[in-house]
Amino acid sequence: MSRLLPAATVTSAVVAAIVGASSGATVGILTAIVVGAAAAALLRWFEGRRVARLTAQVDAWGRGDSGVVMTGGARWRELGAALNRVAAVYDEQRRQLAEERPWRHDLVDALASPAVLFDADGQAAAANAHARDLLGVTSIGTGIIETLGSARLADAVERARREGAHVAVDAELGDRQVTASIAVVGRETLVILTDRTRERRIEEVRRNFVVNASHELKTPAMAIQTLSEALEILAAREPARIPELVARLNEEADRLVHLVHDLLDLRRLEEATLVSATTVDLVPLIGRVVADLDQTARDRQIRIDVDAVETAFVRGDHDDLVLVLRNLVANAVQYNRDGGIVTIELSREAGDWRVDVADTGIGIPQHDLPRIFERFYRVDVARSRKTGGTGLGLSIVRHAVERHGGRIHVESLLGEGSRFTVRLPAAADQAPST
């Protein structure tokens, strides 16, 4: 390739040649200069085209086109070969990335926990069905904060990307509590979420249960201890008061025994499946419960009306179904007004037997309705303890009904009474087991 002289040098040479030459020689010199300038311009034009073509070919790599094709001298061909080697490495990396990307996406889809994969630009590249349900993700390609919906989680992802280290963080997503495990995989970032909501609620329920159970057991236990000490003191001083103290001692002992039995029943009913199931007729069970509570109702002039079919067969545990009916009817009597009415209705509804227990009592405030099936929850604490209630009855009912594949619902108006509705699947066979 020819070498171009600086413009000043060329100009000086031209001037010197013109001054020192004859007129005929001057014309020749000027012609040579023009031809040389034209040749230099043509050379620059060819080099410009070659550079433009090279630029276009290099830009085409990003679209997956073939490598560089160079013409011209040896130096240009060497440059083309070097660029083609770079292009080959680039194509191989792009091919490997294209092969790995579906594999990583398949891995995200196969994870049992909610998982989201973010690319190098911080855009959601993949999200499995669990993550879509938890996060409400409808499409990929969104940013970190838009995808995760939590500034705390987004900050943790950015920290993991920045430091290239594993990050674990707890966060809240609406009413749900999650733990995020964040790891950088190559240039991508994988976020695996664990929904801890149910686990935390169970922990809270257990903690509250221990506190409440301890408190409930402590009350009759201390009363028994106090009455025993009083008996010991008054046995010699005031023997006439002994029957009164013994009666109170028996009441507290009964309350303690009742509470222990309820705790054991509740623990057993929390098991997911029935240990043994037989065909049970609900009609005689209702009759038995009404007979057991008849005297208690009469003492307060409460009438119990029963409207039932002749037979109503369900599959279940006989004793558990008695617990359901007894607790519902006992509550209807306990929280009724003196002279009120308790109505028990048994009817068929689609494939279920429906039991309605209604009263004309004090009713339940609307804000208490969502919590009445919780353990130890009482609407009227003073009245419940006065009548010996443990606060476990409705919780026992709910667990027993759900254990039988049924449902329970309550409607109530404060001052007007309550209606509890239980639905139990009807038995396929229509004869009680012996």
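Residues numbered from 1 in each chain as written. Predicted model: local features only at pLDDT ≥ 70, side-chain atom pairs only at ≥ 80, totals over all residues. Heavy atoms only, no water.

Enquirer: Can you break down the overall build of the protein residue by residue, with the values?
Expert: Each helix and strand in the protein was counted, giving 12 helices and 12 strands. Evaluated residue by residue, the protein yields a buried proportion of 35% over its 434 residues. Here the contacts in the protein between residues at least 6 apart in sequence split such that 59% fall between residues at least 24 apart. (Helix = DSSP H or I, 4+ residues; strand = E, 2+ residues; numbered from the N terminus. Buried < 20%, exposed > 50% of the residue type's maximum accessible area, 1.4 Å probe, protein only. Contact = heavy atoms within 4.5 Å.)

Enquirer: Before we move on, could you go through the nonpolar core and cite the residues and values that matter?
Expert: Judged by nonpolar contacts, the single largest core of 47 residues is most densely connected at L282, L328, V342, I372 and F420. Where this core is concerned, the elements lending two or more residues are α8 (242-269), α9 (282-299), α10 (318-334), β9 (341-349), β10 (352-359), α12 (393-403), β11 (407-413) and β12 (417-425). Ranked by the residues each element gives to this core, the list is headed by α10, at 9 residues. Setting aside residues no more than four positions away along its own chain, L328 makes contact with V357, L394, V397, I408, F420 and V422. Judged by nonpolar contacts, the second largest core, of 24 residues, contains F118, A160, A171 and A180. (Core = buried A, V, L, I, M, F, W, Y, C linked by side-chain atoms within 4.5 Å.)

Enquirer: Just give me the short version of the sheet that holds strand β3 (residues 167-173), but keep the residues and values in it.
Expert: Sheets are built from strands that pair by backbone hydrogen bonding, the pairs being arranged parallel or antiparallel. Read from one edge to the other, the open sheet built from 5 strands follows the order β2-β1-β5-β4-β3, with strand pairing classed as antiparallel. Of all strands in the sheet, those bounded by a partner on one side alone are β2 (124-127) and β3. The mean angle between the axes of side-by-side strands here comes to 25°, regardless of whether they run parallel or antiparallel. Here strand β1 (residues 115-118) runs beside strand β5 (residues 188-195); their pairing, made up of 4 bridges, is antiparallel. Bridging from a neighbouring strand, F118 pairs with T189 of β5. Along the sheet face, helix α6 (residues 151-163) touches β3, β4 (176-185) and β5 and points at about 165° away from the line of β3. (Pairing = 2+ DSSP bridges. Axes fitted to C-alpha atoms, helices over the stretch in contact; angles between N-to-C directions.)

Enquirer: How would you sum up unusual backbone geometry? Please name residues and give values.
Expert: Positive phi, normally seen in glycine, also occurs at Q301, with a value near 60°. Along the chain, the position of Q301 falls in the loop between α9 and β7 (303-307). A positive phi is found at A350, a non-glycine position, where the angle reads about 55°. Residue position: A350 is located in the loop between β9 and β10. Relative accessible area serves as the criterion here: at 74%, A350 is assigned to the exposed category.

Enquirer: Talk me through the pattern of salt bridges; I want residue IDs and the actual numbers.
Expert: Pairing of side chains with opposite charge becomes possible as their charged atoms draw close. One pass over the structure, following the stated rule, counts 16 salt bridges. The salt bridge involving D352 is made with R407; its shortest N-O contact spans 3.7 Å. Taken together, the residues D352 in strand β10 and R407 in strand β11 connect sequence positions 55 residues apart. Where salt bridges share partners, they join E345, E349, R354, D356, R419 and R423 into one cluster. (Salt bridge = Lys/Arg side-chain N within 4 Å of Asp/Glu carboxyl O.)

Enquirer: Explain the packing of α10 against α12 to me, using residue names and the numbers behind them.
Expert: Interhelical geometry of α10 versus α12 gives an angle of 140° and a closest axis separation of 9 Å. Two packed elements cross with a definite hand, and for α10 against α12 that hand is left-handed. Touching D320, L323, V324, N327, L328 and N331 of α10 are G393, L394, I396, V397, A400, V401 and R403, all from α12. Residue composition of the contact of α10 with α12, by class: 8 nonpolar, 3 polar and 2 charged. (Left-handed = near helix turned anticlockwise from the far one by under 90°. Nonpolar A, V, L, I, M, F, W, Y, C, P; charged D, E, K, R; others polar.)

Enquirer: Tell me about the sheet that holds β7, residues and numbers included.
Expert: With mixed pairing, the 5 strands of this open sheet are ordered in space as β7-β9-β10-β12-β11. Because the sheet does not close on itself, it has two edges, and the strands there are β7 and β11. Across this sheet, the average inter-strand angle for adjacent strands is 15°, counted without regard to direction. Pairing geometry for β10 and β12, over 7 bridges, is antiparallel.

Enquirer: How would you summarise the packing of aromatic side chains if you had to cite specific residues and measurements?
Expert: What characterises a pair of aromatic rings is the spacing of the ring centres plus the angle enclosed by the ring planes. What the rule picks out here adds up to 1 aromatic pair. Between F373 and F420, the aromatic rings sit 6.4 Å apart at their centres with planes inclined by 90°, giving edge-to-face as the arrangement. In this pair, F373 sits in the loop between β10 and α11 (381-386) while F420 sits in strand β12, placing the two residues 47 residues apart along the sequence. One cation-aromatic arrangement involves R348 over W353; the distance from NZ or CZ to the ring centre is 5.0 Å. (Phe/Tyr/Trp six-rings, centres within 6.5 Å; stacked < 30°, edge-to-face > 60°. Lys NZ or Arg CZ within 6 Å of the ring centre and 35° of its normal.)

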